Amino acid sequence: MKNTLKTFFAVLTIVALSSFANLGGGHGYHIGDVATDFELENIDGKTVSLSDFKSAKGFIVVFTCNTCPYAVAYEDRVEALNKKYANLGYPVVAIMPNNTEVKPGDSMEAMKARAKAKGFTFPYLMDEGQKIYPKYGATKTPHIYILQKTKKGNVVKYMGAIDDNYLDANAVNKKYVEDAVDALLSGKEIEEKQTRAIGCSIKV
Amino acid sequence: MKYAWIIGLVLFFSCKDATEKEQVAEVKQILETEISLEVYDFDGLQKFLSTTDDKTYVVNFWATWCAPCIKELPYFEKLNKNYSEDVEVILVSLDFPSKYETKLKPYIINKNLKSKVVALNDVDSNTWIPKVDESWTGAIPATIIYNKNKRQFYEKSFNYDELETEVKQFLK
């Protein structure tokens, strides 16, 4: 009985500690974590969830916005990623994480206008209430998460930058996102699972 | 604390108004005042991140297009002025090279920035960001405060009180 009680309290302590760790972590996902799905409004007024993409093998989730020069510098490259990989099973899903009261240039109306002007073929979603980006741990725009659909959920396989040259798409040496998706498609290990780039802090 | 914030906000908005009104004068002023800008790649910048004299260095990564950076810039200027004997502020601009002439230099002139401003032009950020600090995800504003004994990195915005409190830890 005594031992049972001891075990019970030990288990209780571990559960309590680990739930605290989850709550207090606040640093978002690590490679290998299961990413949350969401239900966010798209620029066409409909809501979009990852679970809507029945035939997808995974996703290129891009936290981006209208107003950050880095995000703007990558717009065409994000569109190119969707054109190349949507048909191969890895569509781009873009999420705008900023507080639109701080950044009116990222309002739903502005997002619609920008998507129309640039001819975006991917969903461009509003993180209404700014609830999703903290779960992912996105800190800036642009910030990319590549997810692979598995039986246990959408597993984070890559986090970070699109490539290694924000200034000039023609001078890129390493295409991090393409390399990662190519590796996933061919069942190989992703060489660089995490990269870093300068970006605009997400406006709260 | 509360008042500092309000004063900060008032300053921020009044500065903004002033620049808008001075639009006409601005063009002439640029012609009259040429400034040179030091531009570095990360290797070149490193000397500003590792000086080992007796001063405390406050290195702030910013850009003219970054609203929270512009908001906190006056606090770094104030710090540089108030602690000129012990502290040196270095403002590292991440403005795109195409904006040096049209945005960065006019900003430095119009705001009459007294702190040292340098530009960092190094596209391979995946290589140099962790060298600045292992924890930096790459968002700006970001700041390092260091001296020969101590070093601390902040991926956040500051108000003046917070900034002064942090710097005082280094001056003990």
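Model, not experiment: these values are computed from the prediction.

Residue and element names in this part refer to chain B. Counting buried positions along strand β3 (residues 87–93) yields six of seven residues, so the element is predominantly enclosed. Where strand β2 (residues 56–62) lies against β3, seven bridges are found, and the strand directions are parallel. Residue V58 lies in a different strand from β3, and its bridge partner there is V89. As a crossover connection, the stretch from β2 through helix α4 (residues 67–82) into β3 is right-handed.

Another point: the packing of aromatic side chains. Residues and elements named next belong to chain A. Tallied over the full model, the rule gives 20 aromatic pairs over all chains. A ring pair is formed by Y29 and Y136, whose centres lie 5.0 Å apart and whose planes are at 70 degrees; its orientation type is edge-to-face. Of the two residues, Y29 is situated in the loop between α1 (2–25) and β1 (34–35) and Y136 in helix α4 (residues 132–136); the sequence distance between them amounts to 107 residues. Both rings, one in F120 and one in Y124, keep their centres 5.8 Å apart while their planes meet at 80 degrees; by these two values the pair is edge-to-face. Looking at Y124, the relative accessible area reads 1%, which means it is buried.

One finds B:L45, B:F61, B:W62 and B:W136 to be the most contacted residues of the largest nonpolar core, which totals 90 residues. Not counting the four nearest positions on each side in its chain, B:L45 is found in contact with B:Y40, B:F61, B:V92, B:V118 and B:L120. Grouped together as the second largest cluster of nonpolar side chains are 22 residues, A:F38, A:A56, A:V156 and A:I202 included.

Attention now moves to the packing of α4(B) against helix α7 (residues 160–171) of chain B. Residue and element names in this part refer to chain B. Remark: α4 packs on α7, axes separated minimally by 9 Å, with the N-to-C direction vectors making an angle of 45 degrees. Judged on the interaxial angle alone, α7 and α4 are oblique. Between α4 and α7 lies a crossing whose hand is right-handed. Within the contact between the two elements, α4 uses Y75, F76, K78, L79 and N82 and α7 uses Y160, L163, E164 and V167. Class assignment for the residues of the contact of α4 with α7 results in six nonpolar, one polar and two charged.

Moving on, we come to the confidence of the model for chain B. All names here are of chain B. Mean pLDDT over chain B stands at 87; residues scoring 70 or higher make up 81%. Long-range and interchain partners of residues 7–24, a stretch whose pLDDT sits below 50, account for six contacts in this model, where long-range means more than four residues apart. Throughout residues 28–32 the model reports pLDDT below 50, and contacts reaching past four residues in sequence, or to other chains, amount to three contacts.

Our next topic: the environment of A:P104. Mapped onto the secondary structure, A:P104 falls in the loop between β5 (92–96) and α3 (108–118). As for A:P104 and A:T67, which are separated by 37 residues in sequence, their C-alpha atoms are 9.1 Å apart.

With that settled, the discussion passes to the confidence of the model for chain A. A residue-level look at chain A finds 87% of positions with pLDDT of 70 or above and a mean pLDDT of 91. Here residues 11–25 of chain A is modelled with pLDDT under 50, and outside its nearest four sequence neighbours on either side it reaches one contact, counting other chains as well.

Criteria and thresholds
Residues numbered from 1 in each chain as written. Chains lettered and ligands numbered in written order. Predicted model: local features only at pLDDT ≥ 70, side-chain atom pairs only at ≥ 80, totals over all residues. Heavy atoms only, no water. Buried < 20%, exposed > 50% of the residue type's maximum accessible area, 1.4 Å probe, protein only. Helix = DSSP H or I, 4+ residues; strand = E, 2+ residues; numbered from the N terminus. Pairing = 2+ DSSP bridges. Right-handed = clockwise from strand over helix to strand, strands pointing away. Phe/Tyr/Trp six-rings, centres within 6.5 Å; stacked < 30°, edge-to-face > 60°. Core = buried A, V, L, I, M, F, W, Y, C linked by side-chain atoms within 4.5 Å. Contact = heavy atoms within 4.5 Å. Axes fitted to C-alpha atoms, helices over the stretch in contact; angles between N-to-C directions. Parallel < 35°, antiparallel > 145°, perpendicular 65-115°, else oblique. Left-handed = near helix turned anticlockwise from the far one by under 90°. Nonpolar A, V, L, I, M, F, W, Y, C, P; charged D, E, K, R; others polar. pLDDT = per-residue confidence, 0-100.

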